[in-house]
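# Structure at a glance
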Amino acid sequence: MALIDSKKHQLTIQRKLLFGVVLMALFVGVLLSVAKQIAQQSTQQQQDIQNQAVKPLVQVNSLQSLIYRIRVTEVNLHVESDFFALTAASEKLSSDIQLFERNWRAFIDEFGEGHDRHIRSIDDNWQRLQSILNQVIQSAVDGKIADAFRLSQFESQPRFNVIAKELEILVTQIEISTDGFIGEAVAELEAQQQRFLMISFVGMLVAIILMILFSRYLVLRLNRMREAFSRIANGDLEHKVDVVGHDELTALARSFNSMQERLADRQTALTQARLFLEERVRERTKELNESNLRLREEVIERAKVQQEIKILSLAVSQTPVSIIITDARGMIEYVNDAVVQASGFVEEELLGQSAVSFINKQHTTETSFNDFLQAIKSDKEWAGELCSRRQSGENCWEFVHLSPVMTSASDVTHYLIIKEDITKRREQEQRLLYQASYDALTELPNRTLGMERLAQGVSNAGRQQHKLAVMFIDLDGFKYVNDSLGHDIGDQLLIMAASRLLNTVRESDVVARLGGDEFLIIMPAISEQADCFPVLEKIKKAFAETFELAGHSLAVTPSIGLSIFPEDGEDGAILLRNADLAMYQAKEAGRNTYKFFNHQIHENLTMRMQVETQLKSALGRDELSLFYQPIVEAKTKKLVGVEALLRWDNEVLGSVSPDQFIGIAEQTGLIVPIGNWVLENACLQMTEWREQGLSDLTLAINVSPRQLQGEGLGRVIEQALKGAELSSEYLILEVTEGLLIRNPAEAKRTLEALKQLGVGIAMDDFGTGYSSLSNLKNYPFDILKVDRTFVRDIASDPEDCALVSAAISMSSGLGLPVVAEGVETEQQLNILADMNCDRVQGYFFSKPLAPDDLLLWVKDYRG
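Positions within a chain are numbered from 1, following the residues in the order the chain's sequence is written. Thresholds applied to this predicted model are a pLDDT of at least 70 for local features of residues and 80 or more for the giving and counting of side-chain atom pairs; totals over whole chains, interfaces and linings are not thresholded and use all residues. In computing side-chain values, all of the structure's heavy atoms are included and hydrogens and water are not.

## What about the nonpolar core?
We call a set of buried Ala, Val, Leu, Ile, Met, Phe, Trp, Tyr and Cys residues a nonpolar core when their side-chain atoms join them within 4.5 Å. A simple rule labels every residue: compare its accessible area, found with a 1.4 Å probe on the protein chains alone, to the largest value its type can have, and call it buried under 20%, exposed over 50%, or partly exposed in between. Formed by 79 residues in total, the largest nonpolar core has its most connected members in Leu-832 and Val-840. With nine residues, helix 19 (residues 671-691) is the single largest residue contributor to this core. The contact definition used throughout considers only heavy atoms, calling two residues in contact when any of these lie within 4.5 Å. Non-local contacts of Val-840, meaning those with residues more than four positions away in its chain, are made with Pro-630, Ile-631, Val-632, Ala-634, Val-819, Ala-820, Val-823, Leu-829, Leu-832 and Phe-845. Core analysis: the second largest hydrophobic core is formed by 33 residues, Leu-494, Ala-497, Cys-532 and Phe-543 among them. Helical segments are the DSSP runs of H or I of at least four residues, strand segments are the runs of E of at least two, and each set is numbered from the N terminus.

And the structure:
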């Protein structure tokens, strides 16, 4: 390009050097490209080695390790004795089988070529081994350990040996084919390295030759320039520097020849500098004008700040919080209006006075003031509460905050004291504290404070080696009053009960309300259990009188449980729990009495917990069963029906009496699913008997009050009758008097709804509750059942005889058939028959029987 247009494209020294650099760069680029190609080929060869040699070996080794692990897990599987360990081992073996299957298929897909015979052998044996392993797992899980051992030893072992041997052969073949491939790759790599070294050597030799030639050319030009400069230095101004070529040296020669022209240029430059300085002066003047403008704006801003300070000063002056500012010595320099109003002094009297002296005159709390004084002396910030005395003589509480005002050098210049009246807030806090610790209704300590007092009493009794009594009191009949007469009457009753309790205890005793109708009495410093008796008798005497409220005479009695420290517990919570348990014993003993805690109560509780725990899964374990007791006519002795009775045989507790678990089922709600089960199975049993020729019998089933809550029982009965294809006229539901006492109106609605289903309804255990025969006409009963407790002594107790006779006579007048329970002798049967009792049941005829035993009894029964 330089030969085509020499003026536009002159070969200067710079371009020559650049050209040389470009050539070197190209040469280096070629070398790098060749090196890169060699590296890529080397990398590709390494990858090929990896893919064709290392990777197959790694995968085969992984398969070998996995097949041996499968074998070890399989061998150990049939020796596992723990079910959970066996399950975990089975899951691990299944997981390893799936992993081997995936890895083996991947190996075949990627490296299967060239090893067809061995791969087919391994694959066939693996498929058979996999099937055998699954059989081993299933046998182990099913508990067939002998089958698992046989499969492992005689069918799995040969397949495993074949697979292991074939995998070893695969490893050997892959290693042989790998050695040749690696040798070829190494030879090719060495040849490429030799070619790269040859090219690098030739390129470096050419570069050195070019550098030598360029240096000689440059030195020759410089020597010519030096001779010309020497002539000019000797004063030879006639001779100019020879201008040769078109490079930088040529430009230097021209520079010497144009020195005169450059002097003119220098003058021009000086003129331009003067103009520049004038421009700078104008710019500086403009900057000064802008500074003046900013100064005026700052003055305006300061005026605004002063106005804000004035407003802030007014706000500080008028704020209800007292603010005092002192100098570094603590002398008052400023007080706001709140200080003047609170202290009663005028501002002039306060200014110049010592702030410490001023606050000392007002405060009444020595300790807090000393802290305040110490903070001032040590130049520290302080905040706290001081009780001060107003000018009127009243005490008030103030929150005081002291803050020293310091310079950047940490020198105190002023003190800022802020005081806020917190009297109302403290009063509110005291009210909240009282509400948190005392019962709002009775003004007795609440549960929280009661437990704190109990903990203190236990601690003191332990130190002083005294005894301490804990009374847990529950009011008998309070719930009935609360539900029937309303919560207002109930609250008034609790207030009066609390007052009576306070009047019965000693000066040192503590009475607290735990909640609801439960109270706690703590009797510290007693020497023996008998020290509680006077208080207990006072309590019984106090509650012997009825409570006169809103025209009602209410009889509410206490059931009291007691525990003694340290015999019954060394912790407040344990003592309270044990007293609670003893209180329930008092309830069971007939109420309006007291019981001391003993270990039998704890054992009963433990037994109850065991029964409750086992009962929760009784249905799931199929532990419940139904027995049936015959019901016969009193005069003809004809079999007319049966009563379904629930039985429970538990693997832990053995045979459990219904008296032990029915009440627990009722309290926990388990009676609902159990009752549903009884209805369904009893109806199915009736259908089965009808198919076996035992027809026209009624089925009596007990229904608990818990089952009657809500509307679900009706649907359960309909489904049970429909599932058994049994007519509703054969089903009799037996309910107790307790249902009528709790909520008579609700009980009537519930019974009428059940009556609409066509079933019979019987009043069970009549005479044990509080209902009367005159009330029975208000409910849709079809049958009356007299409790066994009255039948037991009917032949020897005239009162029981008269009661049963009256019940039969009045029931007959109401049109209700009577069934007498618990008939055990012929004499009892004859008396009941003479009283015109309709039906009887009891051990005189038969004990409750299993379904099959009842069929045998019917065949043998002659009536």
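## Observations concerning the pairing of strand 8 (residues 518-526)
Relative to strand 8, strand 6 (residues 467-476) is paired through seven bridges, and the arrangement is antiparallel. Paired with Phe-472 across the bridge in strand 8 is Leu-520. Strands are labelled as partners when DSSP assigns at least two bridges between them. Pairing between strand 7 (residues 510-515) and strand 8: five bridges, direction antiparallel. Pairing of Val-510 across the sheet is with Ile-522, part of strand 8.

## Observations concerning the packing of helix 14 (residues 487-502) against helix 15 (residues 533-544)
Packed helix pairs are characterised by how far apart their axes lie and by the angle those axes make with each other. Comment: axis = line fitted to C-alpha atoms, over the contacting stretch for helices; angle = value between 0 and 180 degrees taken between N-to-C directions. Put simply, helix 14 and helix 15 touch, their axes get as near as 9 Å, and they point 145° apart. The handedness of the crossing between helix 14 and helix 15 comes out as right-handed. Only Ile-539, Ala-542 and Phe-543 of helix 15 make contact with helix 14, whose side of the interface consists of Ala-497, Arg-500 and Leu-501. Gly is placed with the polar residues, together with every amino acid not listed as nonpolar (Ala, Val, Leu, Ile, Met, Phe, Trp, Tyr, Cys and Pro) or charged (Asp, Glu, Lys and Arg). Classifying every residue of the contact of helix 14 with helix 15 by side-chain character gives five nonpolar, no polar and one charged. Crossings are classed by handedness, with left-handed meaning an anticlockwise turn of the near helix from the far one by less than a right angle and right-handed meaning a clockwise turn.

## Observations regarding unusual backbone geometry
Along the chain, Phe-565 connects to Pro-566 via a cis peptide bond; the corresponding omega equals 5°. Unusually for a residue other than glycine, Asn-836 sits at a positive phi of about 65°. By secondary structure assignment, the location of Asn-836 is in the loop between helix 27 (826-834) and strand 21 (839-840). By relative accessible area, Asn-836 is classed as partly exposed at 44%.

## Section: the packing of aromatic side chains
The geometry of an aromatic ring pair is captured by two quantities: the separation of the ring centres and the angle between the planes. For Phe, Tyr and Trp, rings pair up if their centres lie within 6.5 Å, where Trp contributes its six-membered ring, and each pair is then called stacked (planes under 30 degrees apart), edge-to-face (over 60) or tilted (otherwise). Per the stated rule, a full pass over the model turns up twelve aromatic pairs. An angle of 80° between the planes, with centres 5.4 Å apart, marks the rings of Trp-648 and Phe-661 as edge-to-face. Remark: Phe-661 occurs in helix 18 (residues 658-668) and Trp-648 occurs in strand 14 (residues 639-650); sequence separation between them is 13 residues. With relative accessibility at 0%, the residue Phe-661 sits in the buried group. Taken together, the ring pairs connect Phe-533, Tyr-594 and Phe-596 into an aromatic cluster. Sitting over the ring of Tyr-730, Arg-690 keeps its end group 4.7 Å from the ring centre. Over a ring means this: the NZ of a Lys or the CZ of an Arg is within 6 Å of the ring centre and within 35 degrees of the ring normal.

## A word on a negative patch on the surface
Exposure above 30% relative accessible area and the absence of a salt bridge qualify a residue for a patch, where like charges join within 9 Å and nonpolar side chains (Val, Leu, Ile, Met, Phe, Trp, Tyr) within 5 Å. What sets the accessible areas is the Shrake-Rupley method with a 1.4 Å probe; for residues, cover comes only from the shown protein chains. What makes a salt bridge here is a side-chain nitrogen of Lys or Arg within 4 Å of a carboxyl oxygen of Asp or Glu, nothing more. Note that His is not counted, nor are the chain ends; the positive residues are Lys and Arg, and the negative ones are Asp and Glu. Charged side chains are reduced to one point each, which is NZ for Lys, CZ for Arg, CG for Asp and CD for Glu. A contiguous patch of negative charge on the surface is contributed by Glu-688, Glu-691, Glu-725, Asp-852 and Asp-853. The set of elements that each furnish at least two residues to the negative patch consists of helix 19 and helix 28 (851-860). Checked against the element boundaries, Glu-688 lands in helix 19.

## Quick look at the pattern of salt bridges
Applying the stated rule across the entire model yields 21 salt bridges. The partner of Asp-123 in a salt bridge is Arg-105, and the shortest N-O contact between them spans 2.7 Å. Linking Asp-123 in helix 3 (residues 116-141) with Arg-105 in helix 2 (residues 83-111), this pair joins segments that are 18 residues apart in sequence. With a relative accessible area of 28%, Arg-105 lands in the partly exposed category. Here Glu-283 and Arg-280 are joined by a salt bridge, their closest N and O atoms 2.8 Å apart. Of the two residues, Glu-283 and Arg-280 are both situated in helix 6 (residues 259-318); the distance of three residues between them amounts to about one turn of the helix. On the basis of relative accessibility, which here comes to 33%, the residue Glu-283 falls in the partly exposed class. Classification of Arg-280 by relative accessible area gives partly exposed; the value is 44%.

## Focus on the sheet that holds strand 7
Read across the sheet, five strands follow the order 7-8-6-11-12 without closing on themselves; strand pairing throughout is mixed. Because the sheet does not close on itself, it has two edges, and the strands there are strand 7 and strand 12 (594-596). Ignoring strand direction, the axes of neighbouring strands in this sheet form an average angle of 20°. As paired elements, strand 6 and strand 11 (residues 557-565) share nine bridges and run antiparallel to each other.

## What to know about helix 12 (residues 447-464)
Each residue after the first adds 1.5 Å to the expected span of a helix. With 18 residues, helix 12 extends 25 Å from end C-alpha to end C-alpha; this agrees with the ideal 26 Å at 1.5 Å per step. Along its buried surface, helix 12 packs onto helix 11 (423-437), strand 6, strand 7, strand 8, strand 11 and helix 16 (572-588). Polar contacts here mean pairs of N or O atoms no more than 3.5 Å apart (in protein, one a potential hydrogen donor and the other a potential acceptor; neighbouring residues in sequence count only if both atoms are side-chain atoms). Where helix 12 begins, one side-chain oxygen reaches toward the backbone nitrogen of Thr-448, 3.2 Å away; that side chain belongs to Asn-446. Phi turns positive, to about 55°, at Gln-465, one or two residues after helix 12.

## Concerning the environment of Thr-442
Turning to its location among the elements, Thr-442 is positioned in the loop between helix 11 and helix 12. For the pair formed by Thr-442 and Met-496, sequence separation is 54 residues and the distance between their alpha carbons is 8.5 Å. With near-sequence residues (within four places) excluded, Thr-442 lies in contact with Leu-494, Ile-495, Ala-498 and Arg-513. Reaching out from Thr-442, the side chain makes a polar contact with the side chain of Asp-439 at a distance of 2.6 Å.

## Side note on the side chain of Lys-587
Its place among the elements puts Lys-587 in helix 16. In contact with Lys-587, not counting residues within four places along its chain, are Asp-474, Leu-475, Asp-476 and Ser-559.

## Details of the confidence of the model for the protein
Residue-level pLDDT values for the protein average 81, and 83% of them are 70 or greater. Long-range and interchain partners of residues 1-8, a stretch whose pLDDT sits below 50, account for four contacts in this model, where long-range means more than four residues apart. The pLDDT value tells you how sure the predictor is about a given residue, anywhere from 0 up to 100.

## Points about the pairing of strand 11
The buried fraction of strand 11 is high, at eight of nine residues. Bridge count between strand 11 and strand 12: three bridges; the pairing is parallel. Among the inter-strand pairings, Gly-561 is bridged to a residue of strand 12, identified as Lys-595. Handedness of the crossover joining strand 11 and strand 12 through helix 16: left-handed. A clockwise path from the first strand over the helix to the second, with the strands pointing away from the viewer, defines a right-handed crossover.

## So, the environment of Asp-696
In this structure, Asp-696 sits in the loop between helix 19 and strand 16 (698-702). Taking relative accessible area as the criterion, Asp-696 reaches 56% and is therefore assigned exposed. Taking the C-alpha atoms as reference points, Asp-696 and Val-640, separated by 56 residues in sequence, lie 7.3 Å from one another. Dropping the residues within four chain positions of it, Asp-696 is found in contact with Val-640, Arg-690 and Tyr-730.

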